[in-house]
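# Coordinates in review
Chain by chain, the residues run as shown.
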Amino acid sequence: MSRSSRRDYSLLEIKKHDQPTDLWMVLYNKVYDVTDFCKYHLGGIEVLYDCGGSDATQAFEDVGHSDFAVEMLQPYLIGQVLQDEQREYHKLPKNSVDSDVIESIKFDELQSENLNEYVIRRVKESTNMMVLTFVALSSFILLVLIHFQR
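Residues numbered from 1 in each chain as written. Predicted model: local features only at pLDDT ≥ 70, side-chain atom pairs only at ≥ 80, totals over all residues. Heavy atoms only, no water.

## A closer look at the overall build of the protein
As a reminder, the rule being used: Runs of H or I in DSSP of at least four residues are treated as helices and runs of E of at least two as strands, each being numbered from the N terminus. The protein chains shown are the only cover counted for residues, whose accessible areas, like all others here, come from Shrake-Rupley with a 1.4 Å probe.
A count of helical and extended segments in the protein gives seven helices and five strands. Order of helices (α) and strands (β) in the protein, N terminus to C terminus: β-α-β-β-β-α-α-α-β-α-α-α. Accessible surface for the protein amounts to roughly 9,800 Å². Of this, 58% is attributable to carbon and sulfur atoms.

## A few points about the pairing of strand β4 (residues 30–33)
The condition that has to hold: The criterion for strand pairing is that DSSP finds at least two bridges linking the strands in question.
Of the pairings in the sheet, the one linking strand β3 (residues 22–27) to β4 comprises four bridges and is antiparallel in character. Considered in β4, the bridge of Trp24 is made with Asp33. Count of turn residues in the β3/β4 antiparallel hairpin: two residues, of which Tyr28 carries a positive phi of about 55 degrees. As defined by bridge partners, β4 adjoins strand β5 (residues 77–81) across three bridges and the pair is classed as antiparallel. Of the residues in β5, the one forming a bridge with Lys30 is Gln80.

## A word on unusual backbone geometry
Note: most peptide bonds trans; most residues except glycine with negative phi. For clarity, the threshold we go by: Partly exposed describes any residue whose relative accessible area lies between the buried limit of under 20% and the exposed limit of over 50%, with all areas from a 1.4 Å probe on protein chains only and scaled to the type maximum.
A positive phi angle, near 55 degrees, is found at Tyr28, a position not held by glycine. Of note, Asn29 is a non-glycine position whose phi angle comes to about 70 degrees, a positive value. Position of Asn29 relative to the elements: it lies in the loop between β3 and β4. Of the residues examined, Asn29 reaches a relative accessible area of 9% and is grouped as buried.

## Quick look at the packing of aromatic side chains
For clarity, the threshold we go by: Between the rings of Phe, Tyr and Trp (Trp by its six-membered ring), a pair exists once the centres lie within 6.5 Å; its type follows the angle of the planes, with under 30 degrees stacked, over 60 edge-to-face, and the other angles tilted.
Following the criterion strictly, the structure yields three aromatic pairs and no others. For the ring pair Tyr28 and Phe60, a centre distance of 6.2 Å and an interplane angle of 90 degrees mean the geometry is edge-to-face. Taken together, the residues Tyr28 in the loop between β3 and β4 and Phe60 in helix α3 (residues 57–63) connect sequence positions 32 residues apart. For the pair Tyr28 and Phe60, one class covers both residues: buried. Look at Phe37 and Tyr76: their rings are 5.4 Å apart centre to centre, the planes differ by 55 degrees, and that puts the pair in the tilted class. Placement of Phe37 in the loop between β4 and α2 (45–51) and of Tyr76 in the loop between α4 (67–73) and β5 is noted, with a sequence separation of 39 residues between them. By relative accessible area, Phe37 is classed as buried at 7%. Residue Tyr76 is classed as buried on the basis of its relative accessible area of 7%.

Structure, rendered in structure tokens:
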């Protein structure tokens, strides 16, 4: 959706989009249509379904999403919550302030490849780092256990 076609949505209107085939959510007063993103969500689709049609900011913060997670959402941004229904948040992700700049960079990058390929590539990069971290941590725990068994 282009920037010019974005608009403001009421919380009542957003609430209607809570089905797996039509799933919107609010993060930091921005409205995202995450229907097509569900299959790429590393945390599983159920989490997104639980937050569909609502303000998912607190759940998003509780998980501790990375800046990369915020970047991945940019193609799904469709608008924002009506001004008089917006909430104040304690913290904003670094990228939320510069989302238009980030979005233009990402869309320039996406012109040369399909959105699905881009998301899959970025998820694989992120997954590789998580696997390496898990292996390193597991190895360390195993070494500590072996040391204390002696």
